[in-house]
Structure formats: C-alpha cells, structure tokens
Amino acid sequence: MTYESHDLKKPVESDDYQECSEFVVSSIESIMKEAMDTGKNRIEINTNLKLGIPMENVNKIAGPFVEAWAFEIFTESLEDGENKYDLINVEAGERLNMADVILQFKKTRKRSSAVTGHVDVKATSKDIEGSGKSPNITSYARIRSAYVKDPDFIFIILSIKHRVFSARDEETKMMMGVMEVVDFNAYDLKYLSDSDISYNPALGTGQIQVRDIHYVTIVKRTTWEFCQLLDKKFIASKKGYGQWLEYAQQNNWIK
C-alpha cells in the first residue's frame with residue numbers, strides 16, 4: 001500500500017478561516033505593539049547575586065519569563081475597561097499543552113460570535129547569535145490530529161525577541177537583571193511556506209520546527225493541504241511510511 005491509496009479524513013475549514021486567522025494575528029500584533037510603545041516591555045529579575053545574572057547563559061531562563069510576560073500583557077488587555085481588542089477570555093495553556101496562551105476574541109461569524117487563537121510563545125535573544133532560531137514547535141501527531149479534530153484550529157507562533165542587561169537597584173544596591181522585549185512577529189503555523197517548516201524525528205512522534213523563526217514566508221493553503229505537507233515531511237524522514245501508517249491508525253486519520 002501507499003500513502004495515496006488510503007482514504008484519509010480530509011478536514012475542511014470554514015469559508016472565513018483566513019479572515020479569522022488574519023484577525024487573530026493582527027490583534028496579537030496590536031496588543032504587543034501597544035505594550036512596547038507604552039513602556040510595558042521590561043521584565044525585572046531581582047536576585048541576591050552581587051554581580052547580576054550570568055549573561056552568557058541568560059537565554060536558558062528567558063523562555064518562562066517571556067511567556068509569563070506575554071500572558072500578563074494579554075490579561076491586562078482583557079481587563080482594560082475599553083477592551084479595544086475585543087478580547088473575551090485569556091487562559092494559560094496547561095502543562096504539555098501545545099499552546100502557552102489561549103485567546104478568545106469576540107467576532108461575528110456565520111455560526112458563532114467568537115474566534116479562538118492558540119498561541120505558542122517563543123523567546124529569542126537579540127544578543128546571542130542563533131538564539132532560538134530553529135525551535136521545536138509541537139509534536140507532529142498532536143498538531144496533525146488537532147487539525148483533523150477541528151479544521152478551524154488556529155495555531156499562532158508568537159516570536160518575541162529580547163535583550164538582557166544588568167542594572168543596580170538603587171534601594172537594595174543589589175544587581176538585577178532586566179529583560180527587555182525589543183521586537184516580535186506573529187504568524188499562523190498553517191500558512192508557513194514549505195521551506196520554512198522542517199521535521200525533527202527525535203522525541204516521540206517527532207517535532208515540527210521552523211527553520212528560521214525570524215524570517216518566514218507566508219503561503220495561504222487549506223487545512224487538508226497542510227496535513228498533506230506534514231505527512232510528506234514525516235514520510236520523507238527516517239521514520240518513513242510504515243511509522244506514518246501506525247500513527248495514522250492510532251490517531252484515526254483514516255476513514
């Protein structure tokens with residue numbers, strides 16, 4: 001048997017998927033931009049280290065801080081009296097969830113009044129060359145199954161670039177680390193070009209990666225086309241067709 005010989009489930013997204021995806025991305029970018037423009041882009045890390053935090057290894061601890069900062073910024077936007085971004089719910093992704101933050105926006109649609117974006121926050125250092133350049137995004141089987149279960153699944157990568165420096169607290173005279181967000185980029189995983197997406201067979205069913213998170217090309221495609229693209233990259237890896245068939249049967253991708 002071959003990949004083409006199987007009668008696979010073909011997820012079909014709603015007619016307004018692209019509009020909803022662009023709305024979510026645009027809203028996230030607007031919230032991030034406002035945070036930076038209003039000086040809310042600093043994270044202060046207070047320690048009892050007289051010489052401050054080790055700058056050469058700061059990228060190893062940056063991720064959790066940046067994720068927490070993003071969640072806080074989204075929560076503040078939700079709680080803002082004006083709520084100009086039409087946010088109606090903000091949740092932190094549970095442990096092992098594909099998303100770090102789940103955002104729900106009010107939006108008039110044919111069959112609903114809201115749209116949900118699952119956001120994966122990735123931190124990269126401006127000061128360390130190659131930092132976070134090609135991150136693991138999520139498990140191949142999990143994201144593939146998510147699109148079959150919900151063809152309108154919107155999975156956003158929010159790349160946040162930061163720089164870190166040390167400053168002395170005038171009151172305690174101790175050194176504190178300052179993590180400052182300096183740039184960001186948001187995009188829908190489903191719309192990344194073929195060349196931007198790679199597959200790393202290590203860890204479980206393997207990991208979907210972005211080759212260079214700082215520079216990507218957007219290509220509009222359907223959910224089914226994206227599932228086929230993921231399958232193609234998986235089968236072309238050392239795991240091959242046999243392993244793909246096993247996962248397809250386990251996850252009910254075949255009719």
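This write-up is about the structure you can find in this document. These numbers were taken from a predicted model, which means no experiment stands behind them. (Residues numbered from 1 in each chain as written. Predicted model: local features only at pLDDT ≥ 70, side-chain atom pairs only at ≥ 80, totals over all residues. Heavy atoms only, no water.)

Describing the side chain of Arg-221
Along the chain, Arg-221 turns up in the loop between strand 9 (207-210) and helix 4 (223-236). Summary of buried charges: Arg-221 has no salt-bridge partner, and the nearest side chain of opposite charge, Glu-225, is 5.5 Å away. Among residues more than four places away in sequence, those in contact with Arg-221 are Glu-13, Lys-190, Tyr-191, Leu-192, Ser-193, Asp-194, Phe-226 and Leu-229. (Helix = DSSP H or I, 4+ residues; strand = E, 2+ residues; numbered from the N terminus. Buried < 20%, exposed > 50% of the residue type's maximum accessible area, 1.4 Å probe, protein only. Lys, Arg positive; Asp, Glu negative; His and termini not counted. Salt bridge = Lys/Arg side-chain N within 4 Å of Asp/Glu carboxyl O. Contact = heavy atoms within 4.5 Å.)

Observations regarding helix 1 (residues 17-37)
The first and last C-alpha atoms of helix 1 sit 30 Å apart over 21 residues, in line with the 30 Å expected at 1.5 Å per residue. All of the buried residues in helix 1 are Tyr-17, Cys-20, Ser-21, Val-24, Val-25, Ser-27, Ile-28, Ile-31, Met-32 and Ala-35. Taken around the axis of helix 1, the buried residues stretch over an arc of 155 degrees, which confines them to a single face. (Expected span 1.5 Å × (residues − 1). Arc of directions from axis to C-beta.)

Quick notes on the sheet that holds strand 5 (residues 136-139)
Spatially, 5-9-8 is the arrangement adopted by the three strands of the open sheet, whose pairing is antiparallel. Strand pairing shows two members of the sheet lacking a second neighbour, strand 5 and strand 8 (197-200), which therefore form its edges. Neighbour-to-neighbour, the strand axes of this sheet turn through a mean angle of 30 degrees, independent of strand direction. Of the strand pairs in this sheet, strand 8 and strand 9 are connected by four bridges, and their pairing is antiparallel. Residue Asn-200 lies in a different strand from strand 9, and its bridge partner there is Gln-207. The strands that helix 3 (residues 140-149) touches are strand 5, strand 8 and strand 9; relative to strand 5, the one it contacts most, it runs at about 65 degrees. In this fold helix 4 packs onto strand 8 and strand 9, with an angle of close to 45 degrees to the strand it touches most, strand 8. (Pairing = 2+ DSSP bridges. Axes fitted to C-alpha atoms, helices over the stretch in contact; angles between N-to-C directions.)

Here's the deal with the sheet that holds strand 7 (residues 175-188)
Taken together, six strands build an open sheet; the order of strands is 1-7-6-4-3-2 and the sheet is mixed. Only two strands of the sheet have a single partner each, and these edge strands are strand 1 (42-46) and strand 2 (87-92). Here the average twist between neighbouring strands, direction ignored, is 30 degrees. Judged from the six bridges that link them, strand 3 (residues 101-106) and strand 4 (residues 114-125) form a sheet pairing that is antiparallel. Note on strand 4: the bridge partner recorded for Lys-106 is Ala-114. This element, helix 1, spans strand 2, strand 3, strand 4, strand 6 (155-168) and strand 7 of the sheet and lies at about 155 degrees to strand 7.

Considering the side chain of Asn-41
Among the secondary structure elements, Asn-41 is positioned in the loop between helix 1 and strand 1. In this structure, Asn-41 is in contact with Ala-35, Met-36, Trp-69, Met-179, Glu-180 and Val-181, ignoring residues within four places of it in sequence.

With respect to the packing of aromatic side chains
What the rule picks out here adds up to twelve aromatic pairs. Pairing Phe-23 with Phe-105 gives two aromatic rings, centres 5.7 Å apart and planes at 80 degrees, and the pair type is edge-to-face. Taken as a pair, Phe-23 in helix 1 and Phe-105 in strand 3 lie far apart in primary sequence, 82 residues in all. Relative accessible area serves as the criterion here: at 23%, Phe-23 is assigned to the partly exposed category. Note on Phe-105: relative accessible area 0%, which makes it buried. (Phe/Tyr/Trp six-rings, centres within 6.5 Å; stacked < 30°, edge-to-face > 60°.)

Re the pattern of salt bridges
All told, the structure shown has 13 salt bridges when counted by the stated rule. The closest approach of N and O atoms between Glu-22 and Lys-220, which form a salt bridge, is 2.8 Å. Residue Glu-22 is located in helix 1, and its partner Lys-220 is located in the loop between strand 9 and helix 4; the two are separated by 198 residues in the primary sequence. When its relative accessible area of 42% is taken as the criterion, Lys-220 is described as partly exposed.

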